[in-house]
Amino acid sequence: MDGAAGPGEGPAPEALQALSRRLRVQEEEMELVKAALAEALRLLRLQTPPAPLLGTVPPVPSRDRYASPPGLPPTCSPSLVSRGTQTEALEIPSPGLPGLSNGPQPPQEGSEEPGGTQFEGGGGSSSSGTGSPGPPGVLKPVQPPQRTDTPRRNSSSSSSPSERPRQKLSRKAASSANLLLRSGSTESRGGKDPLSSPGGPGSRRSNYNLEGISVKMFLRGRPITMYIPTGIRSLEELPIGPPPETLSLDWVYGYRGRDSRSNLFVLRSGEVVYFIACVVVLYRPGGGPGGPGGGGQRHYRGHSDCVRCLAVHPDGVRVASGQTAGVDKDGKPLQPVVHVWDSETLLKLQEIGLGAFERGVGALAFSVVDHGAFLCVVDDSNEHMLSVWDSSRGTKLAEIKSTNDSVLAVGFSPRDSSCIVTSGKSHVHFWNWSGATGAPGNGTLTRKQGVFGKYKKPKFIPCFVFLPDGDILTGDSEGNILTWGRSLSDAKTPGRGGAKETYGIVAQVHAHEGSIFALCLRRDGTVLSGGGRDRRLVQWGPTLEALQEAEIPEHFGAVRAIAEGPGSELLVGTTKNALLRGDLAQGFSPVIQGHTDELWGLCTHPSQNRFLTCGHDRQLCLWDGEGHALAWSIDLKEIGLCADFHPSGAVVAVGLSTGRWLVLDTETREIMSDVTDGNEQLSVVRYSPDGMYLAIGSHDNMIYIYSISSDGAKSSRFGRCVGHSSFITHLDWSKDGNFIMSNSGDYEILYWDVTAGCKLLRNRYESRDREWATYTCVLGFHVYGVWPDGSDGTDINSLCRSHNERVVAVADDFCKVHLFQYPCARAKAPSRIFAGHGSHVTSVRFTHDDSHLISLGGKDGSIFQWRVLGAGGAGLAPATPSRTPSLSPASSLDV
């Protein structure tokens with residue numbers, strides 16, 4: 001379908017024009033097919049008897065079998081291909097003609113041929129009994145089959161030899177053309193292939209046609225045909241195995257402060273420990289290269305799902321981290337668990353509670369007075385089970401149902417390990433447990449409920465801290481700090497338990513406007529409190545008199561956690577996922593920053609180690625990959641979903657969820673253009689390699705093309721690519737900047753001639769040898785091997801080929817990043833698999849020099865910067881070379 005519609009054309013005239021063009025094309029197709037059929041009948045009468053087609057005599061010599069009918073181009077023949085709602089006329093060169101180097105060559109006249117060998121199914125069984133099966137994903141040279149051994153499925157076994165050719169020629173025109181020329185197209189057979197059927201919905205199957213012209217795979221039962229490039233004579237020529245390159249996690253951007261607590265501590269080594277996604281980060285503020293202020297990162301990556309809480313052992317070396325429940329790639333549940341690990345070696349020492357917790361681990365605490373011998377855990381079940389464990393042996397000592405209300409904090413008394421305190425929604429509970437001798441399962445827990453008496457009972461009590469004299473300070477949602485003192489038990493006190501002493505409120509101070517999220521006891525005995533609504537950080541004296549305070553800037557959010565660094569230095573975690581460093585006198589500056597909502601947009605700078613991200617938090621952020629810091633950020637006011645740098649790097653285009661797209665100057669952050677195309681979200685924006693055009697893929701099924709000025713600041717509508725039957729998902733430009741390859745939500749692969757007026761190229765076979773400047777389309781011959789067996793078509797969110805065209809990185813829906821060799825044109829291709837994200841990975845991109853790979857976690861809001869290491873490189877990251885897993889045992893892959 002040609003060209004872009006003018007601005008004055010309405011939808012009705014445009015639809016009529018499109019229908020008229022389609023009708024003309026179909027009429028031309030029918031004339032061509034009629035001519036082919038007439039010529040085919042003439043050839044069959046003039047040539048040898050039809051026995052060669054029936055397999056009763058040796059095959060026809062190659063010069064006759066693959067000859068093109070007179071009246072047609074000498075190197076092509078027609079084949080009708082039904083694709084979705086469109087019918088295309090593909091002119092496909094026949095495999096045996098001069099100039100076609102891919103696929104097996106036809107036998108020479110007079111040569112002896114073995115029995116025909118065809119492979120069907122993953123096992124590659126031989127149809128004649130004389131061939132040997134090949135490895136999955138490898139196209140073996142296929143000899144012309146003997147018709148008596150391998151009849152067509154749609155042929156009639158009861159027909160006589162003289163009637164069979166006439167029956168075949170009386171079928172559809174497309175089938176007749178395929179019969180004569182052994183065309184590689186199988187879409188004209190109504191989605192059925194002579195080797196395999198597509199299977200049911202949700203399956204992903206792949207097979208190769210007899211002549212090696214195309215490869216077909218199925219997604220949700222839909223056939224997808226991909227044509228093999230001319231330079232590939234056989235798939236055996238392609239690389240096999242995982243790539244020699246691997247990834248090492250270099251830096252993690254972000255901090256999970258938005259919805260978690262107990263997430264910020266300082267270790268004995270001076271490293272700051274916190275978490276995001278499935279990774280526990282050990283950040284060194286100074287003393288190392290490559291970070292803000294000379295800092296660096298190390299990472300504990302032993303968890304299989306998102307980390308929710310931390311506790312540091314009294315020795316300042318061992319760390320306990322609890323994860324939430326989840327599911328693995330096969331849909332099997334991942335149970336919550338606590339890992340106790342060594343922060344110096346990053347080795348796991350103990351796995352506690354596997355199978356004992358529900359939903360997740362909500363809060364953790366080590367005992368203090370006995371040097372961390374015990375670990376208290378509260379899970380996220382309805383009853384919020386409270387359990388005590390031997391931290392070195394991993395054995396459970398006691399367990400009890402805590403409360404049906406949320407539990408937000410837990411801790412041991414620093415003076416008595418038999419005293420445990422929990423707080424949360426509308427409660428403070430004081431627990432006494434017997435069994436500190438460590439006998440497994442013999443301990444008992446009894447509860448005393450904190451009584452508020454004349455004081456207003458708050459809705460939430462998010463935090464508490466023990467004072468040196470044994471009293472407890474709690475911070476609540478009313479902005480008050482309550483002092484709880486020990487007193488003798490009173491028989492009239494509500495609650496149950498056998499404790500001889502209990503706690504009661506002895507003082508109250510209104511400290512903040514809004515909730516108090518964090519309390520921290522300093523080494524000098526003073527206490528710090530962090531407010532939510534007022535964003536104030538206040539230091540309190542022994543009698544709760546305010547000594548000093550500071551306010552956190554609004555764009556960093558409220559105070560979530562406080563940790564004391566060396567000297568007067570403080571570390572502050574915020575609700576907008578920032579980690580601040582400073583003190584009360586000098587103020588605070590960010591050392592770690594991140595997004596606060598789901599991420600989708602990612603692009604890398606064409607000449608610098610910088611990259612840009614955007615997402616549902618409406619923030620557009622430019623990151624410095626060398627300094628591991630945020631260069632700048634702006635508020636888009638709308639959800640950002642995609643972005644791309646101009647080849648000069650001077651401007652960047654950003655697509656939004658409303659159909660708007662912006663062009664910004666990367667230095668001044670000034671908006672150079674603000675344009676709207678349609679009213680649906682934009683899924684991809686991509687500059688041509690020469691920067692002359694900008695392509696914008698929309699959920700209204702169109703690709704909008706704009707001419708761009710030399711500096712990238714100005715744009716004008718050039719045309720529209722109209723022809724997809726679903727929303728655009730990915731697109732790439734050819735190296736010459738004239739053509740576009742695009743994918744859509746219904747698994748179409750279309751090609752467009754932009755310079756010819758955004759013309760849809762109906763003969764997709766002609767685009768098989770075109771070179772692409774980038775490769776981010778998830779469907780195509782060069783990358784179809786990345787798809788797992790049983791895929792439903794949504795398992796791969798993003799794909800990116802390296803600039804050196806050696807590897808391809810894949811972001812999947814199961815929290816993993818993959819590395820494959822490029823081209824990846826073998827079914828079930830092996831890959832290196834890298835974990836760490838706690839949500840679907842939405843995008844991956846290589847930096848300009850392929851030194852790093854950037855990946856985005858979806859809902860976990862994390863940004864991972866991976867270092868790309870070559871074969872034998874030092875410090876190789878743990879990677880798992882394994883075949884792409886099957887996601888559905890009922891699905892199959894036919895090769």
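Because the structure is predicted, anything quoted here is derived from the model rather than measured.

As a further point, take the overall build of the protein. A tally of regular secondary structure across the protein gives 5 helices and 62 strands. Across the 895 residues that make up the protein, the buried fraction comes to 57%. Here the contacts in the protein between residues at least 6 apart in sequence split such that 52% fall between residues at least 24 apart. As presented, the protein carries roughly 34,800 Å² of accessible surface, and 51% of it is formed by carbon and sulfur atoms.

Judged by nonpolar contacts, the single largest core of 42 residues is most densely connected at Leu264, Tyr274 and Leu853. The leading source of residues in this core is strand β8 (residues 246–253), at 5 residues. Apart from residues no more than four positions distant in its own chain, Leu264 is found in contact with Tyr255, Val272, Val273, Tyr274, Ala561, Ala563, Leu571, Val572, Gly573 and Leu579. Core analysis: the second largest hydrophobic core is formed by 34 residues, Leu238, Leu779, Tyr784 and Val808 among them.

Taken together, 4 strands build an open sheet; the order of strands is β47-β48-β49-β50 and the sheet is antiparallel. Unpaired on one side and paired on the other, β47 (682–687) and β50 (715–722) mark the two borders of the sheet. Strand-to-strand twist across the sheet, computed as the mean angle between neighbouring axes with direction ignored, equals 20°. In this sheet, strand β48 (residues 693–698) lies alongside β47 in antiparallel orientation, the contact comprising 5 bridges. Residue pairing across strands places Arg686 opposite Ala695, the latter belonging to β48.

The final tally for this structure, using the stated rule, is 21 aromatic pairs. For the pair Tyr693 and Phe718, a centre-to-centre distance of 5.2 Å together with 65° between the ring planes defines the contact as edge-to-face. Placement of Tyr693 in strand β48 and of Phe718 in strand β50 is noted, with a sequence separation of 25 residues between them. Taking the relative accessible area as the measure of exposure, Tyr693 reaches 10% and is therefore buried. The structure contains a cluster of three or more aromatic residues connected by ring pairs, namely Phe430, Phe452, Trp484 and Tyr503. Sitting above the plane of the Phe739 ring, Arg770 keeps its charged end 3.7 Å from the centroid.

Another point: the sheet that holds strand β36 (residues 570–574). Taken together, 4 strands build an open sheet; the order of strands is β35-β36-β37-β38 and the sheet is antiparallel. Across the chains shown, the open sheet's two edge strands, defined by having one partner strand only, are β35 (559–564) and β38 (587–592). Neighbouring strand axes in the sheet, compared pairwise and without regard to direction, differ in orientation by 30° on average.

Here we come to the layout of surface pockets. Of the pockets and cavities examined, the largest pocket occupies roughly 1,300 Å³. Every residue lining the largest pocket is counted, 44 residues in all, and those nearest its centre are Phe265, Phe464, Val465, Leu519 and Leu521. Listed by contribution, the elements that provide at least two residues to the lining of the largest pocket are β9 (265–266), β13 (307–312), β19 (361–366), β23 (407–412), β27 (463–466), β31 (516–521) and β35. In terms of residue class, the lining of the largest pocket is built from 32 nonpolar, 6 polar and 6 charged.

Across all of its chains, the model carries 26 salt bridges by this definition. Between Asp769 and Arg768 there is a salt bridge whose closest N-O contact spans 3.9 Å. On the basis of relative accessible area, Arg768 is assigned to the buried category, the value being 16%. Linked through salt bridges whose partners overlap, the residues forming this network are Lys735, Glu771, Arg801 and Glu805.

Secondary-structure assignment places Ala827 in the loop between β57 (817–821) and β58 (830–834). Note: C-alpha distance between Ala827 and Asp789 (38 residues apart in sequence) is 8.5 Å.

This part is about unusual backbone geometry. Of note, the amide linkage connecting Tyr822 to Pro823 takes the cis form, showing an omega dihedral of -5°. Even without being a glycine, His371 presents a positive backbone phi close to 60°. Residue placement: His371 occurs in the loop between β19 and β20 (374–379). For His371, a relative accessible area of 63% corresponds to the exposed category. A positive phi angle is found at Leu544, which is not glycine, with a value near 60°. With respect to the helices, strands and loops of the structure, Leu544 is situated in the loop between β33 (536–540) and β34 (546–551).

Moving on, we get to the side chain of His595. Examined against the element boundaries, His595 turns out to sit in the loop between β38 and β39 (599–604). By relative accessible area, His595 is classed as buried at 1%. Leave out the neighbours within four places in its chain, and His595 touches Asn577, Thr613, Cys614, Asp617, Gln619, Cys621, Trp623, Gly861 and Ile863.

Let us look at the pairing of strand β37 (residues 579–583). Most of β37 sits inside the fold, with 4 of its 5 residues counted as buried. Looking at chain direction, β36 and β37 are connected through 4 bridges and run antiparallel. Paired with Gly573 across the two strands is Leu579, which belongs to β37. Between β36 and β37, which follow one another and run antiparallel, lie 4 residues, and Asn577 among them has a positive phi close to 60°. In this sheet, β38 lies alongside β37 in antiparallel orientation, the contact comprising 5 bridges. The residue of β38 that forms the bridge with Gly582 is Phe588. Linking two consecutive strands that pair antiparallel, namely β37 and β38, is a turn of 3 residues.

As a further point, take the confidence of the model for the protein. Residues with a pLDDT of 70 or more make up 73% of the protein, whose mean pLDDT is 79. Counted against residues more than four places away or in other chains, residues 1–9, with its pLDDT under 50, gives 23 contacts. Segment residues 490–499 is flagged for pLDDT under 50; beyond a separation of four residues in sequence, or across chains, it makes 12 contacts in the model.

Note that Leu760 resides in strand β54 (residues 759–760). For Leu760 and Gly723, which are 37 residues apart along the polypeptide, the C-alpha to C-alpha distance reads 7.2 Å.

Its location among the elements puts Phe374 in strand β20. The class of Phe374 is buried, set by a relative accessible area of 5%.

Positionally, His313 belongs in the loop between β13 and β14 (318–323). There is a polar contact of 3.1 Å between the side chain of His313 and the backbone oxygen of His371. With sequence-adjacent residues up to four places away left out, His313 is seen in contact with Arg318, Phe366, His371 and Gly372.

Before going further, it helps to spend a moment on the pairing of strand β41 (residues 619–624). In the sheet, strand β40 (residues 610–615) pairs with β41 via 5 bridges, with the strands oriented antiparallel. Residue pairing in the sheet places Thr613 in a bridge with Cys621 of β41. In this antiparallel pair of consecutive strands, β40 and β41, the connection spans 3 residues, and Arg618 shows a positive phi of 70°. Examined bridge by bridge, β41 and strand β42 (residues 629–635) share 6 bridges and lie antiparallel to one another. From the neighbouring strand, Cys621 faces β42, where its bridge partner is Ser633. Linking two consecutive strands that pair antiparallel, namely β41 and β42, is a turn of 4 residues; a positive phi of about 55° is found at His628 within it.

Turning our attention to the state of the cysteines. With the rule as written, the count across this model stands at 0 disulfides. You can see Cys721 has no disulfide; the closest cysteine sulfur is in Cys758, sitting 4.2 Å from it. On the basis of relative accessible area, Cys721 is assigned to the buried category, the value being 0%.

Cut-offs used in this document
Residues numbered from 1 in each chain as written. Predicted model: local features only at pLDDT ≥ 70, side-chain atom pairs only at ≥ 80, totals over all residues. Heavy atoms only, no water. Helix = DSSP H or I, 4+ residues; strand = E, 2+ residues; numbered from the N terminus. Buried < 20%, exposed > 50% of the residue type's maximum accessible area, 1.4 Å probe, protein only. Contact = heavy atoms within 4.5 Å. Areas by Shrake-Rupley, 256 points an atom, 1.4 Å probe, with all protein chains shown as cover. Core = buried A, V, L, I, M, F, W, Y, C linked by side-chain atoms within 4.5 Å. Pairing = 2+ DSSP bridges. Axes fitted to C-alpha atoms, helices over the stretch in contact; angles between N-to-C directions. Phe/Tyr/Trp six-rings, centres within 6.5 Å; stacked < 30°, edge-to-face > 60°. Lys NZ or Arg CZ within 6 Å of the ring centre and 35° of its normal. 1 Å grid on protein atoms, 1.4 Å probe; cavity = no way out; pocket = protein on both sides within 12 Å on 5 of 7 lines; lining within 4 Å. Points joined across faces, edges and corners; volume = space filled by probe spheres on them. Nonpolar A, V, L, I, M, F, W, Y, C, P; charged D, E, K, R; others polar. Salt bridge = Lys/Arg side-chain N within 4 Å of Asp/Glu carboxyl O. pLDDT = per-residue confidence, 0-100. Polar contact = N/O pair within 3.5 Å; in protein donor to acceptor, adjacent residues only side chain to side chain. Disulfide = S-S within 2.5 Å.

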